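Observations on the three-dimensional arrangement
The chain contents come next:
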Amino acid sequence: MINFILRRLGVMLLTMLCLSAVVFSFVNLDPNLRKLAIFNTETRASDADIENWLVRNGYRDNFVVRYARWIGLAPKQPTIDPSTGKTVPRFRFCDEPTEPTFSGVLQGDLGCSTALRAKVSDRLPEALKATGILMFWVMIVMVPISLLIGVLAGMREGSRLDRGLSVGSIASTATPEYVSGVIFTALFASYLGWLNGSAATAQTQGISFYNFTLPIMTMAIYGIGYIARMTRASMAEVMTAQYIRTARLKGLNFRSVVVKHALRNALIAPFTVIMLQFPWLLTGVVIVETMFNYKGFGWLLVQAASNNDIDMVLACALISVVLVLMTQLISDIGYAFLNPRIRVS
Amino acid sequence: MTETVGFLEIASGIVLRFWPAWIGLAILFAGIYAFKPRLGLFGELTNTWVGVLGVGICAFWLLTAIFAQLVAPVDPGIQNAVMKNSVPGGVDPATGRVFLLGADLYGRDVFSRMVYGARIVLTIAPAATLIAVLVGATLGLPAGYFGGKIDSLLSFLANLVLAFPVILLFYLLVTPGIMDTPIPYAMAGVLFLFPIVFFGVLFYTRFSTRPERLYLALGITLVLGAWIYSGLVFDADPLGIVSIEPNELNIFVAVVFASSPGVYRIVRGLTLDIKTRDYVSAAQTRGETPWYIMLWEILPNARGPLIVDTCLRIGYTTILLGTLGFFGLGMGPESPDWGTAIKDGSKVAQLRLYYWQGVTPAIALMSLVLGLNLLADALREESLRD
């Protein structure tokens, strides 16, 4: 078991290294660097100005060296002021050091956000917290509903209830967040006026039913169908097992067969699916936060990516990749614990 | 304020505008019921109402896309300042034409844009899915069959792409700046090579003992492949028929890239399962080459789950395209595709006052994906029954 986890962690590190290198090379493509320079050198900069800015701030240094600096294996260089010849911080708003220092991800420095004019590590935790709250409520809503639908549909395969619920789940998997968001907002916020079409007040005035229901509904809908279908398949399979037939033949009533015998075994497979939903939710978070103007991790990612905010994009990529890989690991280990027939080696 | 027509007139107007689709559907279903015994699996599909609905919705959108010029009253790009943000059923005072589902911020007909949007979605989504399936199959078969180092390497790469948040991948791959770099063309060059390799190997392994057939099949593959390849990757089709806008190529490549690892995983899993069967051992004993076994013994036996997955994947690709449009990536701002229309319509003010602008493309997208999902479900049921 320990070996398995260690090996997986090794693969995880390799994956993170590869992915960050890919992201790093993409955000440093020439058109992207120019975009960054134009964003930072006031209006109507000439090509020479742009080039000058890029050279001065070290964006034209060797690629490998810069990647090593970001990781923390090479010292970050301060900028040299051309008029005085003295070293000044690269970005004033992040109070970066004025002498070369090893300060990268390994040292816990995620860099400086050029779009938000703040340290990445200053902005990221609060955004992650906001998204965490959103995710928590989505899970609270999504998991029980989908498990209930799945179990009800799967306990009598082919019944009318099963058909109805299955079509319902198919419909919900056909509704991506930006579709349900638009329809729900038009219906509940614009037409009926029951709910708030923006979640911005959730961060300033606290979460309420009025401002937080729409984002949660929007995000949950897409996932419910998927988990429900997996639960249904698993439940339907368990219901055909020998021990269920034995329990029925013993004379137990249907309800206690379902609750006491079938349910526990049927919920093993959905556990994995629910864990693997986290990466999916990540895309949903980006859409929902953009749509409802909720300043969490997804909103930050969009801001960073659309302004080519290099350090912020890299930090967001790193966090999402860690999240995806950790959930995969946890779901594998959890599956082994829940299902005694599986042994990880 | 302009004149408007009532709800009934709007509804009947919309139904009437879709006349080419209704005629097509009537012919399709009449054909299916008439030739049911001879159609095999496809005929069986219409036994359940889920199947009927699935086939019906997919065919409806396909027909709408094909006959978009007949269905849509006007060109999707025409702006009409008078009808700006018109409500559904608004009548244009100049021409007397009814804007069935209203007009958008620029006075463009929402209904026509939705109809033309179907055309964009239904060209890119199935084509991208098809290429993704071919890429996934070409890589997944050897990974599952040979195992070992190839499998480890390919699976690592697939997991790498899958660990990427889709949205970040799109932001990196589909930015306006990236079209100045050779990256999209290089990726297109690699990804579009897979179908040619796939069909080349497919025919080569089958007809290697019958040269006359082999040369014909390989010749057709190479000529067709080179023709489409030159048109798509280099935009240098000698006949000028196959061409693609740089931004559409960019979207296409990104979508193929994002969805082929999923196909790879499924094909690999199916191959691992099927390669233990007796007929594979029989072929191995006969001395068939590994690629013959993969392409002519394993792949045909994996077709059931693969077809179902492809069907679901077209729906997923449609959703991905919508996501791209929603974030304003790739598609031009004038493009009538559903994602862009949803983005424009989902701005706070638009959604509050002029909800039809966002809701119309949203419902269109949802119904198409629903149709594809229902079709996949019906196909799965039917293939399980065999």
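Residues numbered from 1 in each chain as written. Chains lettered and ligands numbered in written order. Predicted model: local features only at pLDDT ≥ 70, side-chain atom pairs only at ≥ 80, totals over all residues. Heavy atoms only, no water.

A few words now on the overall build of chain A. Across its full length, chain A carries 14 helices and four strands. For 345 residues, the compact-globule estimate of 2.2 N^0.38 gives 20 Å, and chain A exceeds it by more than 25% at 25 Å. With the C-alpha coordinates aligned to their principal axes, the bounding extent of chain A is approximately 90 × 55 × 30 Å. Every one of the 345 residues in chain A was classed for burial, and the buried ones make up 52%. Of all intrachain contacts in chain A linking residues separated by at least 6 positions in sequence, the fraction that spans at least 24 positions is 70%. The average position of the 31 basic charges and that of the 21 acidic charges among the side chains of chain A differ by 16 Å. (Helix = DSSP H or I, 4+ residues; strand = E, 2+ residues; numbered from the N terminus. Rg over C-alpha atoms; globule rule 2.2 N^0.38 Å. Buried < 20%, exposed > 50% of the residue type's maximum accessible area, 1.4 Å probe, protein only. Contact = heavy atoms within 4.5 Å. Lys, Arg positive; Asp, Glu negative; His and termini not counted. Charge placed at Lys NZ, Arg CZ, Asp CG, Glu CD.)

Residue and element names in this part refer to chain A. For Asn 293, which is not a glycine, the phi torsion comes out positive at approximately 55 degrees. Here Asn 293 is to be found in the loop between α12 (268-292) and α13 (297-306). Phi at Asn 308 takes a positive value of approximately 50 degrees, unusual for a residue other than glycine. Looking at where Asn 308 falls in the secondary structure, it is placed in the loop between α13 and α14 (310-338).

Counting residues at the interface gives 45 residues for chain B and 50 residues for chain A. Together, the buried faces of chain B and chain A total about 3800 Å²; carbon and sulfur atoms form 80% of this surface. For the interface between chain B and chain A, the tally reads two salt bridges. Taking the shortest distance from any N to any O, the salt bridge between Arg 229 of chain A and Asp 377 of chain B comes out at 2.9 Å. Taken together, chain B and chain A are joined by four residue pairs in polar contact (both at pLDDT 80 or more). Looking at the side of chain B that touches chain A, the element that brings in the most residues is helix α19 (residues 356-385) of chain B, giving 13 residues. Taken together, the residues that form the side of chain B that touches chain A break down as 30 nonpolar, nine polar and six charged. (Buried area = accessible area lost by both parts, 1.4 Å probe. Salt bridge = Lys/Arg side-chain N within 4 Å of Asp/Glu carboxyl O. Polar contact = N/O pair within 3.5 Å; in protein donor to acceptor, adjacent residues only side chain to side chain. Nonpolar A, V, L, I, M, F, W, Y, C, P; charged D, E, K, R; others polar.)

Across chain A, pLDDT averages 82, with 94% of residues at or above 70. Per-element mean pLDDT across chain A ranges from 68 in strand β2 (residues 87-88) of chain A up to 89 in helix α6 (residues 160-173) of chain A. (pLDDT = per-residue confidence, 0-100.)

Residues and elements named next belong to chain B. Under the defined criterion, the tally for this structure stands at 23 aromatic pairs over all chains. Seen from their ring centres, Phe 203 and Phe 207 are 6.4 Å apart, and the 10 degrees between their planes marks the pair as stacked. Linking Phe 203 with Phe 207, this pair stays in helix α11 (residues 193-207), spanning four residues, or about one helical turn. Residue Phe 207 is classed as buried on the basis of its relative accessible area, which comes to 12%. (Phe/Tyr/Trp six-rings, centres within 6.5 Å; stacked < 30°, edge-to-face > 60°.)

Moving on, we get to the pattern of salt bridges. All names here are of chain B. If you walk through the whole model with that rule in mind, you get 13 salt bridges over all chains. Between Arg 113 and Asp 104 there is a salt bridge whose closest N-O contact spans 3.7 Å. Overall, Arg 113 belongs to the buried group, its relative accessible area being 6%. Put simply, Asp 309 and Arg 313 hold a salt bridge, and the shortest N to O gap is 3.1 Å. Residue Asp 309 and its partner Arg 313 are both found in helix α16 (residues 303-326); the two are separated by four residues, about one turn of the helix. Here Asp 309 and Arg 313 have matching classes, each one buried. Within the structure, one salt-bridge network assembled from shared partners comprises Asp 104, Arg 108, Arg 113 and Glu 334.

A separate point is the side chain of Ser 260 of chain B. Residue placement: Ser 260 of chain B occurs in helix α13 (residues 246-274). In this structure the side chain of Ser 260 of chain B is engaged in a polar contact, spanning 2.8 Å, whose partner is the backbone oxygen of Val 256 of chain B.

Residue and element names in this part refer to chain A. Domain boundaries assigned for chain A yield domain 1 (2-109) and domain 2 (122-344). Between the C-alpha centres of domain 1 and domain 2 the distance comes to 36 Å. Listed as interface residues are 22 residues of domain 1 and, on the opposing side, 19 residues of domain 2. Taken together, both faces of the contact between domain 1 and domain 2 bury some 1800 Å²; the carbon and sulfur share is 78%. The interface formed by domain 1 and domain 2 contains zero salt bridges. In this structure, the connection of domain 1 to domain 2 is made through two residue pairs in polar contact (both at pLDDT 80 or more). Residue contributions to the side of domain 1 that touches domain 2 peak at 12 residues, all from helix α1 (residues 2-27). (Domains from an automatic or database assignment.)

Model confidence for chain B is summarised by a mean pLDDT of 86, while 98% of its residues fall at 70 or above. Reported confidence for the predicted complex is 0.86 by ipTM and 0.88 by pTM.

Attention now moves to helix α7 (residues 177-191) of chain A. Residues and elements named next belong to chain A. Counted at 1.5 Å a residue, the expected span for α7 with its 15 residues is 21 Å, and the 19 Å between its end C-alpha atoms agrees. At Thr 185, α7 shows its largest bend, some 30 degrees. Here α7 lies mainly inside the structure; 11 of its 15 residues are buried. For α7, the set of buried residues is Glu 177, Tyr 178, Val 179, Ser 180, Gly 181, Val 182, Phe 184, Thr 185, Ala 186, Phe 188 and Ala 189. (Expected span 1.5 Å × (residues − 1). Bend = angle between axes of the 7 residues up to and from the residue.)

Topologically, Ser 306 of chain A is positioned in helix α13. By relative accessible area, Ser 306 of chain A is classed as partly exposed at 34%. Taking the C-alpha atoms as reference, Ser 306 of chain A lies 9.7 Å from Lys 35 of chain A; in sequence the two are 271 residues apart. Beyond its immediate stretch of four places on either side in the chain, Ser 306 of chain A contacts Lys 35 of chain A together with Tyr 171 of chain B. A polar contact is formed between the side chain of Ser 306 of chain A and the backbone oxygen of Val 302 of chain A, at a distance of 2.6 Å.

Another aspect to go through is a nonpolar patch on the surface. Residue and element names in this part refer to chain B. Together, Val 15, Trp 19, Trp 22, Ile 23, Ile 27, Leu 62, Ile 66, Phe 67 and Leu 70 line one region of the surface with nonpolar side chains, adding up to about 870 Å² of accessible area. Elements with a minimum of two residues in the nonpolar patch: α2 (19-34) and α5 (49-66). If you tally residues by element for the nonpolar patch, the top one is α2, at four residues. Its place among the elements puts Trp 22 in helix α2. (Patch = residues over 30% accessible without salt bridge, like charges linked within 9 Å, V, L, I, M, F, W, Y side chains within 5 Å. Areas by Shrake-Rupley, 256 points an atom, 1.4 Å probe, with all protein chains shown as cover.)

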